[in-house]
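What follows is each chain in one-letter form.
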Protein chains: 2
Amino acid sequence: MSLRIALLGLLTAAGPSSGYDLTKLFESSINNAWQARHSQIYPELNKMAAEGLVTVEEAGPRGRKTYEITEEGSAELRAWMLDEQPARMHRSEAALRAFLLPTIEPHEAVALLREQAEVHAAKLAKLEDIRARRSENSAWRKPTFGRYALDLGIRQTRLLRDWAEETAAEIERSAGQG
Amino acid sequence: MSLRIALLGLLTAAGPSSGYDLTKLFESSINNAWQARHSQIYPELNKMAAEGLVTVEEAGPRGRKTYEITEEGSAELRAWMLDEQPARMHRSEAALRAFLLPTIEPHEAVALLREQAEVHAAKLAKLEDIRARRSENSAWRKPTFGRYALDLGIRQTRLLRDWAEETAAEIERSAGQG
DNA sequence: CAGATCATGTAAATTGTTACATGATTCT
DNA sequence: AGAATCATGTAACAATTTACATGATCTG
């Protein structure tokens, strides 16, 4: 379901797009929240077209197909947004690693965390750069699009960086004592 | 792969356990990072036993089977932990909703965010309570187990609460003007 | 014209969810 | 004895990944 919702959302945010466009949008915009390959996106778009959630226009240069969201599609997206869903699924390999940190040696954990902190710091810089340039290059119809998610992404990345740094320092401290 | 890693991690952290135990541990400990039902856990444990990553002891009261991690299983876990994996997968319906916030009316978005903030606040209280009582009831072999992940979970939950509150306020402000 | 990029698809395998199915043991 | 909990499993379906496959168009 979430893939479908993400696609409807991107079609709302960016306007009529091809599967190829959407695949790239997935990587560049919503990647922090959800991922999908073209091999999943193309069939899903066709299923959605068959169900009337989007329309297809087959006219482009290299067999390019342009999909556009329908009223029915917008209704589906809206229903999902307003629906009470107490069970929100969340999977994160980074958090899994955090849990499993005590399974390796303290000095290894410290090295790993320091490395992670650097990765997060680099990502943070990239996201902040995107935010700074937001007004120019955005493919969005409304300027608010992506804004809240970007803000959330920046905060989360900063949190991960700080957590990694502080946890590394803490492990180092306690390993030095014990 | 991640399911397998999570199971190996839990077997390391909690010692020999049954599939039933592990299913409950999934819910209570690692849930913030990964989820799995017993219908996925039981077959995976049997596959891991066949591959020599865990041993099985069929002796318990109600057909209970006890699984224990082997050297080979520990090596697999260790390899995963130390392995450089630049692509860490992350999926979150909450973040997806954040992205799609501008697809609904501002007043709806505000209501949704306020609701979410409350949910996160409640979860935060629960997690902080768990942290406060940690020393007593923990099933872990080492006291550090779950500690780092719990800390991360608390920070992330607090972040979501704050983000929801502040974003609600911001939307309210700009909707009032515009 | 060669290499990059655009553009779409399918097949097979893996992973994850929901639903069905069963029986033992403990608690009240 | 009946309800709750312990305990394990399978089957069907849905979602996701990896790999295979193809061809058009643009760029240098």
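Under an unreviewed UniProt entry, the name given to chain A is DNA-binding PadR family transcriptional regulator, and the organism recorded is Streptosporangium saharense.

Colleague: For the environment of Met81 of chain B, give the residues involved together with the corresponding values.
Modeller: In this fold, Met81 of chain B is placed in helix α4 (residues 71–82). Placed 73 residues apart in sequence, Met81 of chain B and Ile154 of chain B show a C-alpha to C-alpha distance of 22 Å. Met81 of chain B has contacts with Arg97, Leu100, Leu101, Thr103, Ile104 and Leu112 of chain A, leaving out every residue within four places of it along the chain.

Colleague: Mind laying out the protein's contact with DNA strand D, listing which residues take part and the relevant values?
Modeller: Taken together, 21 residues surround DNA strand D, and among them Arg37, Ser39 and Gln40 of chain A together with Tyr20 and Lys65 of chain B come closest. Of all DNA strand D atoms lying within 4 Å of any protein atom, the proportion belonging to sugar or phosphate reaches 68%. Contact between DNA strand D and His38 of chain B: a base oxygen at 2.8 Å from a side-chain N or O atom of the residue. Separating a sugar or linking oxygen of DNA strand D from a side-chain N or O atom of Arg91 of chain B is a distance of 3.1 Å. Listing elements by their share of the surface near DNA strand D, those giving two or more residues are α3 (38–50) of chain A together with α2 (19–28) and α3 (38–50) of chain B. Of all the elements, α3 of chain B adds the most residues to the surface near DNA strand D, at four residues. Looking at the surface near DNA strand D residue by residue, the class counts come to six nonpolar, eight polar and seven charged.

Colleague: I'd like to hear about the protein's contact with DNA strand C, residue by residue, with values.
Modeller: Taken together, 22 residues surround DNA strand C, and among them Tyr20 and Lys65 of chain A together with Arg37, Ser39 and Gln40 of chain B come closest. Taking His38 of chain A, its side chain carries an N or O atom lying 2.8 Å from a base oxygen of DNA strand C. In this structure, a sugar or linking oxygen belonging to DNA strand C sits 3.0 Å away from a side-chain N or O atom of Arg62 of chain B. Here the residues of the surface near DNA strand C sort into seven nonpolar, eight polar and seven charged.

Each value, and the rule that gives it
- Residues numbered from 1 in each chain as written.
- Chains lettered and ligands numbered in written order.
- Predicted model: local features only at pLDDT ≥ 70, side-chain atom pairs only at ≥ 80, totals over all residues.
- Heavy atoms only, no water.
- Helix = DSSP H or I, 4+ residues; strand = E, 2+ residues; numbered from the N terminus.
- Contact = heavy atoms within 4.5 Å.
- Near = heavy atom within 4 Å.
- Polar contact = N/O pair within 3.5 Å; in protein donor to acceptor, adjacent residues only side chain to side chain.
- Nonpolar A, V, L, I, M, F, W, Y, C, P; charged D, E, K, R; others polar.

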